[in-house]
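# Results of the structural survey
One-letter residues, chain by chain:
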Amino acid sequence: MRKAAFIYSQELEKYRYPPEHPFNTIRARKTRQILNSMGLLSGDGRSEIPPEPAERIILKKFHTARYLHALKSAAEGHWSAEALNMGIGTSDCPVFEGLYDYAALACGGTLTAAELILSGAADAAFNPSGGYHHAGPERASGFCYINDVALACIILAEAGKRVLYLDVDVHHGDGVAYAFYDRCDVMTISFHEDPRVLFPGTGFEDEIGSGEGKGYCVNVPLPIGTYDEMYLKAFESIALPLIAAYDPDVFVFELGVDALAGDPLAHLCLTNNAYAEIIKHLLSFKKPILSTGGGGYNVDNTARAWALAWSLLAGAGSEMDMSLGAGGVMLESTDWQGGLRDREFVVRSQQRHMVLPAIEATITAVKGNVFAFHRL
Ligand SMILES: [Zn+2]
């Protein structure tokens, strides 16, 4: 039986980004509500675990003391030009009430998940309030202040684990990719929209790591309009052989779902069925999976995708697939009672003609740049 931990507490609900900001912390609560109503948070090895705030000494494994001090001071209302120079207090990364406490608690959720996996208490742990992959050691960026996923990779690697970091957020997982750019004990694979059109503007096929890490940083940029079939083609052609060759001990899975069709910040056309397929692939490796949230700016679609992801990660997928409503509801629908799965996205032939050659070129480029390092 799988042991699965859903990381959540009401404490997280106290904090909100400013109302005009696209990042909505309510998504975690909505995900929990859906799962709770379906009876998917308990029984059969499933449990709900509250996050512990991350301690400053742990945060310093990735962030500088200067940055953490500036972040805390800003949260307490002390404005400084130094903080602004580190990205704190910009329109993307505004200062809001309880900012530091929220960031430390959300990060703590991911670190709690890492501890549960290291102790063997969980094979799967999901923190929907995590996934802040853009934060740098001394930089707030892209709605992210404390890089919980980089810290989780650091802690798992320190415990001697070979870590596979997989990032399917529509934006390049730059903060994590660059944290391990010269290391081979943490392999990072990021699938994201073409950096020429989307923030943060990095994550090209030729960014493959350096020194010992050469070939252990993998970037798969995807064209506008990429749909499930093409996404999975790229995933199966690139990620599956690399994961098998790398043979990780543990996955850290950044499950931003802003690649879903209709997301207001990006231009891909996935349905949550693509994420379900990816999760089935990850489960086939039979290794622990630490999953986090991330992007996802259509709140209802995001909560439904994460609820579906949890049901699969927690091993409820097979018996639940019928009631999860295969072929279920429309992406725009807020009526998740009709099922967790999105209805199939209809791809027009013009879209097919645009996307297919671009995906094939990307697959060829990434294979050419990276596979030889893994004798593939
Ligand atoms: Zn994103």
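That block above? That's the structure.
It should be emphasised that the depicted structure is a prediction, and the values quoted were computed from it without experimental measurement.

## So, the overall build of the protein chain
Looking only at helices and strands, one finds 12 helices and 8 strands in the protein chain. A compact globule built from 376 residues should have a C-alpha radius of gyration of about 21 Å, and the protein chain, at 19 Å, falls within 12% of that. Residue burial in the protein chain is summarised as follows: out of 376 residues, 59% are buried. In the protein chain, the share of contacts with a sequence separation of at least 24, taken over all contacts with a separation of at least 6, comes to 77%. In the structure as shown, the protein chain presents an accessible area of about 14,500 Å², 52% of it carried by carbon and sulfur atoms. Looking at the protein chain, you have 31 positive and 45 negative side-chain charges, and the mean spots of the two groups are 3 Å apart.

## Considering the coordination of the zinc ion
For the zinc ion, every protein donor is listed as D169 (OD), H171 (ND1) and D258 (OD), and the spread of their distances is 1.9 to 2.1 Å. Here the donor residues for the zinc ion map to a single chain with the spacing D-x1-H-x86-D. You can see H171 sitting in the loop between β4 (163-167) and α7 (174-179) and its partner D258 sitting in the loop between β7 (250-254) and α9 (272-284), a full 87 residues away along the chain. For the pair formed by H171 and D258, the shared burial category is buried.

## As for the side chain of N219
You can see N219 is positioned in strand β6 (residues 217-222). The class of N219 is buried, set by a relative accessible area of 2%. Within the structure, N219 has its side chain in polar contact with the side chain of H172 (distance 2.9 Å). Engagement of the side chain of N219 in a polar contact is seen with the backbone oxygen of E207, the distance being 2.8 Å. Beyond its immediate sequence surroundings of up to four residues, N219 is in contact with H172, S190, H192, G203, F204, E205, E207 and V366.

## What about the environment of P221?
As for its position among the elements, P221 is in strand β6. Spatially, the C-alpha atoms of P221 and F204 are 6.3 Å apart, while their sequence positions differ by 17 residues. When neighbours within four sequence positions are excluded, P221 is seen to be in contact with H192, D194, P195, G203, F204, E205 and T362.

## A few points about the packing of helix α1 (residues 26-37) against helix α10 (residues 299-313)
The angle between the axes and the distance between the axes are what describe a pair of packed helices. One way to put it is that α1 packs onto α10 with a least axis distance of 8 Å and a crossing angle of 50 degrees. When the axes of α1 and α10 are compared, the pair comes out oblique. The crossing of α1 and α10 is right-handed. Across from I26, R27, K30, T31, I34 and L35 in α1, the residues of α10 making contact are V299, D300, T302, A303, R304, W306, A307 and W310. A per-class count over the contact of α1 with α10 returns 8 nonpolar, 2 polar and 4 charged.

## Some points on the pattern of salt bridges
Counting across every chain of the model gives 16 salt bridges. Measuring nitrogen to oxygen at the nearest pair gives 3.0 Å for the salt bridge that ties R183 to D185. Overall, R183 belongs to the partly exposed group, its relative accessible area being 28%. Note that K233 is salt-bridged to E360, the shortest N-O span being 3.9 Å. Residue K233 is located in helix α8 (residues 228-246), and its partner E360 is located in helix α12 (residues 349-370); the two are separated by 127 residues in the primary sequence. A relative accessible area of 32% places K233 in the partly exposed class. Using a relative accessible area of 37% as the deciding quantity, one classes E360 as partly exposed. By sharing partners, the salt bridges in this structure join R66, E82 and E138 into a single network.

## A few points about the packing of aromatic side chains
On inspection of all chains with the given rule, the structure shows 21 aromatic pairs. Note on Y15 and Y102: the rings are 5.8 Å apart at their centroids and 55 degrees apart in plane angle, and the pair reads as tilted. Residue Y15 is found in the loop between β1 (4-7) and α1, and its partner Y102 is found in helix α5 (residues 99-119); the two are separated by 87 residues along the sequence. Each member of the pair, Y15 together with Y102, is buried. Considering the side-chain rings of F191 and F235, the 5.6 Å spacing of their centres and the 40 degrees angle between planes classify their relative orientation as tilted. Remark: F235 occurs in helix α8 and F191 occurs in strand β5 (residues 186-193); sequence separation between them is 44 residues. We note that F191, like F235, is buried. Clustering of aromatic rings is evident, with ring pairs tying together Y15, Y17, F23, F96, Y102, Y132, F143, Y145 and Y297. When the ring centre of F23 is taken as origin, the NZ or CZ atom of R27, which lies over that ring, is 4.4 Å away.

Scoring rules and cut-offs
- Residue indices follow the written sequence of each chain, beginning from 1 at its first position.
- Confidence filtering applies because this is a predicted model: local features only for residues at pLDDT of at least 70, side-chain atom pairs given and counted only at 80 or more, and all residues used for totals across whole chains, interfaces and linings.
- The side-chain numbers reported here are obtained from all heavy atoms of the structure, hydrogens and water having been left aside.
- Under the scheme used here, helices are H or I runs from DSSP no shorter than 4 residues and strands are E runs no shorter than 2 residues, and both carry numbers assigned from the N terminus.
- Taken over C-alpha atoms, the radius of gyration is set against a globule rule of 2.2 Å times the number of residues to the power 0.38.
- With a 1.4 Å probe rolled over the protein chains alone, any residue whose accessible area is under 20% of its type maximum counts as buried; one over 50% counts as exposed, and the rest are partly exposed.
- Contacts between residues were defined by any pair of non-hydrogen atoms, one from each residue, lying within 4.5 Å.
- Residue exposure ignores everything except the shown protein chains as possible cover, and the areas themselves are Shrake-Rupley values with a 1.4 Å probe.
- His is not counted, nor are the chain ends; Lys and Arg add positive charge and Asp and Glu add negative charge.
- Where a charge lies is defined by one atom per residue type, namely NZ (Lys), CZ (Arg), CG (Asp) and CD (Glu).
- Note on donors: an N, O or S atom is included if it sits within 2.8 Å of the metal, or within 3.2 Å for Na, K and Ca, and water is never included, so sites can look incomplete.
- Pairing of N or O atoms within 3.5 Å defines a polar contact, subject to two protein rules: one partner must be a possible hydrogen donor and the other a possible acceptor, and residues neighboring in sequence count only if both atoms are side-chain atoms.
- Here an angle of 0 to 180 degrees is reported between the N-to-C directions of two axes, which are lines fitted to C-alpha atoms, with helices fitted over the stretch in contact.
- Note that the term roughly parallel is reserved for angles under 35 degrees, roughly antiparallel for angles over 145, roughly perpendicular for angles of 65 to 115, and oblique for everything else.
- Throughout, a crossing is termed right-handed when the near helix is turned clockwise from the far one, and left-handed when it is turned anticlockwise from it by less than a right angle.
- Three categories are distinguished: nonpolar for Ala, Val, Leu, Ile, Met, Phe, Trp, Tyr, Cys and Pro, charged for Asp, Glu, Lys and Arg, and polar for the others, with Gly belonging to the last.
- Throughout this description, the term salt bridge denotes a Lys or Arg side-chain nitrogen within 4 Å of a carboxyl oxygen of Asp or Glu.
- Any pair of Phe, Tyr and Trp rings, taking the six-membered ring for Trp, is counted once the centres come within 6.5 Å. Such a pair is stacked with planes under 30 degrees apart, edge-to-face with planes over 60 apart, and tilted for the rest.
- By the criterion adopted, a ring carries a charge over it if an Arg CZ or a Lys NZ lies within 6 Å of its centre and within 35 degrees of its normal.

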